[in-house]
Amino acid sequence: MFKIFRKNCCGLDVHKTWIYACIGVTDPNGRTVYCQNRFSSFSKGLRDLAAWLAKYHCDEVCMESTGKYWIPVFNILEETCTVTLHLFFRL
């Protein structure tokens, strides 16, 4: 069991051609429901991702990425969301 600090937030796993997204929505009784989806990392997929986040009233996003694949995602979502980025570098 872990404590929920954000009542409505999304985690993104960003890859070269796709993005895996999981939103956690916690109700006033403390029950959390998770909604998952996968999106293309190209323009239409990024717009679909932004619309999907809006559908769940989600404006907090944390994403993980290697390399530069996070940049287009950030550019689209920064207009409507608070975005936190965690980068992994390969040596």
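Bear in mind the structure is a predicted one, so any value in this text is a computation, not a measurement.

Draft legend 1. Layout of helix H1 (residues 43-55). Along its 13 residues, H1 runs 18 Å from first to last C-alpha, staying within 8% of the 18 Å computed at 1.5 Å per residue. Following H1 by one or two positions, His57 adopts a phi angle in the positive range, close to 55°.

Draft legend 2. Expanded view of the side chain of Ser65. Following the sequence through the fold, Ser65 ends up in strand E4 (residues 60-66). Note on Ser65: relative accessible area 0%, which makes it buried. Within polar-contact distance, the side chain of Ser65 engages the backbone nitrogen of Trp70 at 3.4 Å.

Draft legend 3. Broad picture of the environment of Cys22. Tracing the backbone through its elements, the reader meets Cys22 in strand E2 (residues 18-26). When its relative accessible area of 23% is taken as the criterion, Cys22 is described as partly exposed. Distance from Cys22 to Leu12, taken between C-alpha atoms, is 6.7 Å for residues 10 residues apart in sequence. Setting aside its immediate chain neighbours within four residues, Cys22 contacts Cys9, Cys10, Gly11, Tyr34, Cys35 and Gln36.

Draft legend 4. Layout of the confidence of the model for the chain. In the predicted model, the chain carries a mean pLDDT of 90, and 91% of its residues have values of at least 70. Ranking the helices and strands of the chain by mean pLDDT puts H1 first, with 97, and strand E5 (residues 82-88) last, with 85.

Draft legend 5. Inspection of the packing of aromatic side chains at higher detail. Scanning the model with the defined rule gives 3 aromatic pairs in all. When the ring of Trp52 is compared with that of Tyr56, the centres are 5.5 Å apart and the planes differ by 70°; the resulting orientation is edge-to-face. Overall, the relative accessible area of 9% leaves Trp52 in the buried class. Overall, Tyr56 belongs to the partly exposed group, its relative accessible area being 24%. A ring pair is formed by Trp70 and Phe74, whose centres lie 6.0 Å apart and whose planes are at 75°; its orientation type is edge-to-face. Here Phe74 and Trp70 lie together in helix H2 (residues 70-77), a separation of 4 residues that amounts to about one turn. Here a set of aromatic residues connected by ring pairs shows up, and it is made of Phe39, Trp52 and Tyr56. Positioned above the aromatic ring of Trp18, the side-chain terminus of Arg38 is 4.3 Å from the ring centre.

Draft legend 6. Structural detail: the environment of Gly11. Within the secondary structure, Gly11 is located in strand E1 (residues 8-14). Along the primary structure Gly11 and Ala21 are separated by 10 residues, whereas in three dimensions their C-alpha atoms are 5.8 Å apart. Apart from residues no more than four positions distant in its own chain, Gly11 is found in contact with Tyr20, Ala21, Cys22 and Cys62.

The rules behind each value
- Residues numbered from 1 in each chain as written.
- Predicted model: local features only at pLDDT ≥ 70, side-chain atom pairs only at ≥ 80, totals over all residues.
- Heavy atoms only, no water.
- Helix = DSSP H or I, 4+ residues; strand = E, 2+ residues; numbered from the N terminus.
- Expected span 1.5 Å × (residues − 1).
- Buried < 20%, exposed > 50% of the residue type's maximum accessible area, 1.4 Å probe, protein only.
- Polar contact = N/O pair within 3.5 Å; in protein donor to acceptor, adjacent residues only side chain to side chain.
- Contact = heavy atoms within 4.5 Å.
- pLDDT = per-residue confidence, 0-100.
- Phe/Tyr/Trp six-rings, centres within 6.5 Å; stacked < 30°, edge-to-face > 60°.
- Lys NZ or Arg CZ within 6 Å of the ring centre and 35° of its normal.

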